[in-house]
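# Fold and contact review
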Amino acid sequence: MKNPYNPRGPADPRYYANREYLLSTFKNNIKEVIASKGVTKPLNIAVMGQWGIGKTSTLIKFRDIIQNESKGAKIFSSFVPLKPSCCVDADTFFATVLETVFRDYKTTAPLSEKVQDFIREELDILNRWKLTKLSLSPEVERKQAIVSAVNFKDILLRFWDKLKAHDFDLAIIMLDDIQYVFTHEKGEILYDIRTDMQALAADGALFMFVITGPLRLYPEMRDKAEPFTRLFERFDLVPFDIDGTREQIEKPLAVERIKLTISEEVIRKLHEGTGGHPYFVSLAMRYLVNRIPEGKIMPDDFKAWYPNLIDSFAKEKFNDDFAQATDAEKEILLKVARFPKIEFSPLEIGGRLKATLLDRLVSKGLIEKVGRGRYRLYNPMFADYLRSKKSGKANPDE
Ligand SMILES: Nc1ncnc2c1ncn2[C@@H]1O[C@H](COP(=O)(O)OP(=O)(O)O)[C@@H](O)[C@H]1O
Ligand SMILES: [Mg+2]
């Protein structure tokens, strides 16, 4: 049995659904930069969106486009997954990014000996820097001002000179989960990245930067993030519409020639239940295909499996979601789930709710704000999950 749905990792680029405008913007810019020999500048792209919406999948798709759809172009690219630990200070951040760029890169044309030598030397220097930093106590470190030892811009500029000398057209650096730069120093790193990106562009180095992050990066961090994000063309990933959901469901089956059809009504129900959220669509499809690997999935099958599907969602996600909420927040969640309409205002679900409680649930990603004073649960199946819960001590007033 083949089951191509895998909600745990980024989507296989061959299965990547929808997001046509984003993909064509990316492809067209690459084409134009190359055709114009850098007169058209590389676009920097910010792919923003909530958890599980497809940010990492998009970067992996970009990588695939660079490798397989850019015939004849000479492009160097690197995908850098960020972690909180690499953002403890600016130098560690830049050293980690450079190290990844020089270790885990892809290139559409082989790198010459000279470029490879350059990379080896830079990795050596970075390594020595790391060892020195590790051996110093924080006080000594401060005194010796070692914190400005890694010059991101200079290194990348020299790297670009090497690439250019070997006819490279473009270098693409993708930073996944940029929000981690806020782990320490309250996002000061953004200023440094911005300055370096501007300097690189001013010196004619053809770097394209692609970043991903949550939607809320902007309003919360306006003062820091705004000048930074002005350098980027921003794309907000939203849940799929019905056509997007259909494509996400059908594409892997077609690619893998799996003899299974999903009835249109089931597609619609899946779409409604998941809210078109790709992670949940993928999770539901993995579950259904495990049970019904071939033939046709009909509305009755879906209905029969639905309670188990909710259980499986609970194990994968909803239990953790619920556990994140405090008792007072749990009470609100259960109330909302019992409310007859999908959207609600704070007044409708029991009057004097503290706005801060709702805000906290929004920032935990469990409730979404849909408009002025209008809210809803982040996922329709989460509502079914909550309704299936016995109201226990989290709900003392009933
Ligand atoms: N465009 C897409 N096409 C198909 N599946 C997708 C797409 N975007 C996301 N997915 C599915 O959603 C899941 C989560 O995507 P991911 O890229 O890890 O999200 P994020 O990085 O935003 O948290 C993936 O495992 C994949 O199954
Ligand atoms: Mg991700």
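## Comments concerning the overall build of the protein chain
- A tally of helices and strands in the protein chain yields 16 helices and 10 strands.
- Looking at the 398 residues of the protein chain, the share that counts as buried comes to 35%.
- Sequence separation of at least 24 residues holds for 79% of the intrachain contacts in the protein chain that already meet a minimum separation of 6.

## A closer look at the environment of Asp154
- Relative to the assigned elements, Asp154 resides in helix α6 (residues 152–165).
- With 50 residues separating them along the chain, Asp154 and Asp104 place their C-alpha atoms 20 Å apart.

## Here's the deal with helix α10 (residues 242–255)
- With 14 residues, α10 extends 20 Å from end C-alpha to end C-alpha; this agrees with the ideal 20 Å at 1.5 Å per step.
- Largest kink in α10: about 25°, centred on Ile249, with the proline Pro252 one to four residues after it.
- Buried within α10 we find Thr245, Arg246, Gln248, Ile249 and Pro252.
- Positive phi appears at Arg257, one or two residues downstream of α10, with a value of about 50°.

## Some points on the site of ligand 1
- Surveying the vicinity of ligand 1 reveals 22 residues, the closest of which are Gly54, Lys55, Thr56, Ser57 and Ser282.
- Put simply, the parts of the chain that give the shell around ligand 1 at least two residues each are α2 (55–68) and α12 (278–291).
- In the shell around ligand 1, the residues fall into 10 nonpolar, 10 polar and 2 charged.
- No fewer than three residues from each of domain 1 (19–236) and domain 2 (242–321) sit in the shell around ligand 1.

## Structural notes on the domain arrangement of the protein chain
- For the protein chain, the assigned domains are domain 1 (19–236), domain 2 (242–321) and domain 3 (327–388).
- Inter-centroid distance (C-alpha atoms) of domain 2 to domain 3 is 25 Å.
- Taken together, the contact between domain 2 and domain 3 spans 11 residues of the former and 8 residues of the latter.
- Listing elements by their share of the side of domain 2 that touches domain 3, those giving two or more residues are α11 (264–274) and α13 (299–324).
- The element that contributes the greatest number of residues to the side of domain 2 that touches domain 3 is α13, accounting for 5 residues.

Basis of the calculations
Residues numbered from 1 in each chain as written. Chains lettered and ligands numbered in written order. Predicted model: local features only at pLDDT ≥ 70, side-chain atom pairs only at ≥ 80, totals over all residues. Helix = DSSP H or I, 4+ residues; strand = E, 2+ residues; numbered from the N terminus. Buried ≥ 20, exposed ≤ 12 C-beta atoms within 10 Å, placed from the backbone. Contact = placed C-beta atoms within 7 Å. Expected span 1.5 Å × (residues − 1). Bend = angle between axes of the 7 residues up to and from the residue. Near = placed C-beta within 6 Å. Nonpolar A, V, L, I, M, F, W, Y, C, P; charged D, E, K, R; others polar. Domains from an automatic or database assignment.

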